[in-house]
Amino acid sequence: MQQALLQEVRTMCPMNCHPTFCGMIASIENDSVIKVRGDKENPDSRGFLCARGQATKEIIGNPNRILQPMIRDQKGTDNWKQ
(Lines give C-alpha, C1' and ligand atoms only; values in the text may rest on other atoms or scores of the structure.)
Protein backbone atom coordinates (compact mmCIF):
# COMPACT_ATOMS: atom_id res chain seq x y z
CA MET A 1 0.00 0.00 0.00
CA GLN A 2 1.37 3.39 -1.05
CA GLN A 3 1.45 6.14 1.55
CA ALA A 4 -0.39 9.37 0.66
CA LEU A 5 1.89 12.27 -0.21
CA LEU A 6 0.58 15.44 1.47
CA GLN A 7 2.10 18.83 0.72
CA GLU A 8 1.15 22.48 1.10
CA VAL A 9 1.79 24.89 -1.75
CA ARG A 10 1.72 28.67 -1.50
CA THR A 11 -0.03 30.07 -4.59
CA MET A 12 -2.44 32.76 -5.79
CA CYS A 13 -6.20 32.49 -6.16
CA PRO A 14 -7.09 31.81 -9.82
CA MET A 15 -10.33 33.84 -9.67
CA ASN A 16 -8.60 37.21 -10.28
CA CYS A 17 -11.04 39.32 -8.25
CA HIS A 18 -9.57 42.80 -8.57
CA PRO A 19 -8.29 44.89 -6.88
CA THR A 20 -7.12 42.24 -4.38
CA PHE A 21 -4.74 39.49 -5.45
CA CYS A 22 -5.47 36.87 -2.82
CA GLY A 23 -2.75 34.54 -1.66
CA MET A 24 -3.77 31.01 -0.86
CA ILE A 25 -2.28 27.85 0.51
CA ALA A 26 -3.39 24.68 -1.23
CA SER A 27 -3.15 21.33 0.51
CA ILE A 28 -2.36 18.69 -2.08
CA GLU A 29 -2.59 14.94 -1.62
CA ASN A 30 -1.52 12.60 -4.43
CA ASP A 31 -1.76 15.38 -7.06
CA SER A 32 -5.28 16.45 -5.97
CA VAL A 33 -6.25 19.66 -4.18
CA ILE A 34 -8.02 18.63 -1.00
CA LYS A 35 -8.18 21.98 0.83
CA VAL A 36 -7.49 25.68 0.26
CA ARG A 37 -7.17 28.50 2.74
CA GLY A 38 -6.07 32.11 2.76
CA ASP A 39 -2.36 32.88 3.11
CA LYS A 40 -1.86 35.08 6.17
CA GLU A 41 1.60 36.08 4.88
CA ASN A 42 0.20 37.55 1.65
CA PRO A 43 0.60 41.35 2.00
CA ASP A 44 -2.48 42.09 -0.10
CA SER A 45 -5.14 39.70 1.23
CA ARG A 46 -3.61 38.94 4.68
CA GLY A 47 -5.32 35.55 4.95
CA PHE A 48 -8.69 36.57 3.52
CA LEU A 49 -10.15 34.26 0.87
CA CYS A 50 -13.61 35.04 -0.53
CA ALA A 51 -16.28 32.43 -1.31
CA ARG A 52 -15.09 32.17 -4.93
CA GLY A 53 -11.55 31.47 -3.79
CA GLN A 54 -12.71 28.93 -1.23
CA ALA A 55 -14.66 27.11 -3.99
CA THR A 56 -11.49 26.62 -6.05
CA LYS A 57 -11.00 23.05 -4.85
CA GLU A 58 -14.50 22.18 -6.11
CA ILE A 59 -13.75 23.56 -9.59
CA ILE A 60 -10.38 21.97 -10.32
CA GLY A 61 -10.86 18.45 -11.64
CA ASN A 62 -14.67 18.65 -11.58
CA PRO A 63 -16.03 16.41 -14.38
CA ASN A 64 -18.96 18.85 -14.88
CA ARG A 65 -16.66 21.82 -15.50
CA ILE A 66 -17.31 23.56 -18.81
CA LEU A 67 -14.12 23.48 -20.86
CA GLN A 68 -15.40 24.93 -24.17
CA PRO A 69 -17.62 27.88 -25.08
CA MET A 70 -21.28 26.84 -25.07
CA ILE A 71 -24.35 28.41 -26.64
CA ARG A 72 -27.99 27.77 -25.79
CA ASP A 73 -29.97 26.14 -28.62
CA GLN A 74 -33.14 28.10 -27.91
CA LYS A 75 -33.96 30.80 -25.37
CA GLY A 76 -35.87 29.40 -22.40
CA THR A 77 -34.54 25.84 -22.78
CA ASP A 78 -31.71 24.02 -21.09
CA ASN A 79 -30.25 22.64 -24.32
CA TRP A 80 -26.67 23.67 -24.98
CA LYS A 81 -24.18 23.00 -27.78
CA GLN A 82 -20.54 23.82 -28.46
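One can find the structure itself at the top, above this paragraph.
These remarks concern the structure in this document. (Residues numbered from 1 in each chain as written. Predicted model: local features only at pLDDT ≥ 70, side-chain atom pairs only at ≥ 80, totals over all residues. Heavy atoms only, no water.)

## What to know about the overall build of the chain
If you tally the helices and strands in the chain, you get two helices and five strands. Relative to its length of 82 residues, the chain is extended, with a C-alpha radius of gyration of 17 Å against a globular reference of 12 Å. For the chain, buried positions account for 21% of its 82 residues. The contacts of the chain with a sequence gap of at least 6 include a subset with a gap of at least 24, amounting to 29%. (Helix = DSSP H or I, 4+ residues; strand = E, 2+ residues; numbered from the N terminus. Rg over C-alpha atoms; globule rule 2.2 N^0.38 Å. Buried < 20%, exposed > 50% of the residue type's maximum accessible area, 1.4 Å probe, protein only. Contact = heavy atoms within 4.5 Å.)

## Topic: the environment of F48
With respect to the element layout, F48 can be found in the loop between strand 3 (32-38) and helix 1 (51-54). Sequence separation between F48 and P63 is 15 residues; the distance between their C-alpha atoms is 28 Å. Ignoring any residue separated from it by four or fewer positions in sequence, one finds F48 in contact with C22 and G38.

## A few points about the pattern of salt bridges
A side chain of one charge can pair with a side chain of the opposite charge if their charged atoms are brought near each other. Applying the stated criterion to the full structure yields four salt bridges. Between E8 and R37 there is a salt bridge; the shortest N-O distance is 3.0 Å. One end of the pair, E8, is in strand 1 (residues 6-12); the other, R37, is in strand 3, with 29 residues separating them in the sequence. For R37, a relative accessible area of 31% corresponds to the partly exposed category. One salt-bridge network, held together by shared partners, links R10, D39 and E41. (Salt bridge = Lys/Arg side-chain N within 4 Å of Asp/Glu carboxyl O.)

## Structural notes on the pairing of strand 3
Two elements, strand 2 (residues 23-29) and strand 3, share six bridges in a ladder whose sense is antiparallel. Directly across from A26, in strand 3, lies its bridge partner V36. Where strand 2 folds back onto strand 3 in an antiparallel hairpin, the turn is made up of two residues, including N30, whose phi is positive at roughly 50°. (Pairing = 2+ DSSP bridges.)

## Observations concerning a nonpolar patch on the surface
A surface patch of nonpolar side chains, amounting to about 320 Å² of accessible area, comprises I66, M70 and W80. Here W80 lies in strand 5 (residues 80-81). (Patch = residues over 30% accessible without salt bridge, like charges linked within 9 Å, V, L, I, M, F, W, Y side chains within 5 Å. Areas by Shrake-Rupley, 256 points an atom, 1.4 Å probe, with all protein chains shown as cover.)

## With respect to the side chain of T56
Here T56 shows up in helix 2 (residues 56-59). Looking at T56, the relative accessible area reads 4%, which means it is buried. Not counting residues within four places of it along the chain, the set of residues in contact with T56 comprises C13, P14, M15 and M24.

## Side note on the environment of T56
Taking C-alpha positions, T56 is 7.5 Å from V36, a pair spaced 20 residues apart along the chain. Within the structure, the side chain of T56 is placed 2.7 Å from the backbone oxygen of G53, a separation counted as a polar contact. (Polar contact = N/O pair within 3.5 Å; in protein donor to acceptor, adjacent residues only side chain to side chain.)

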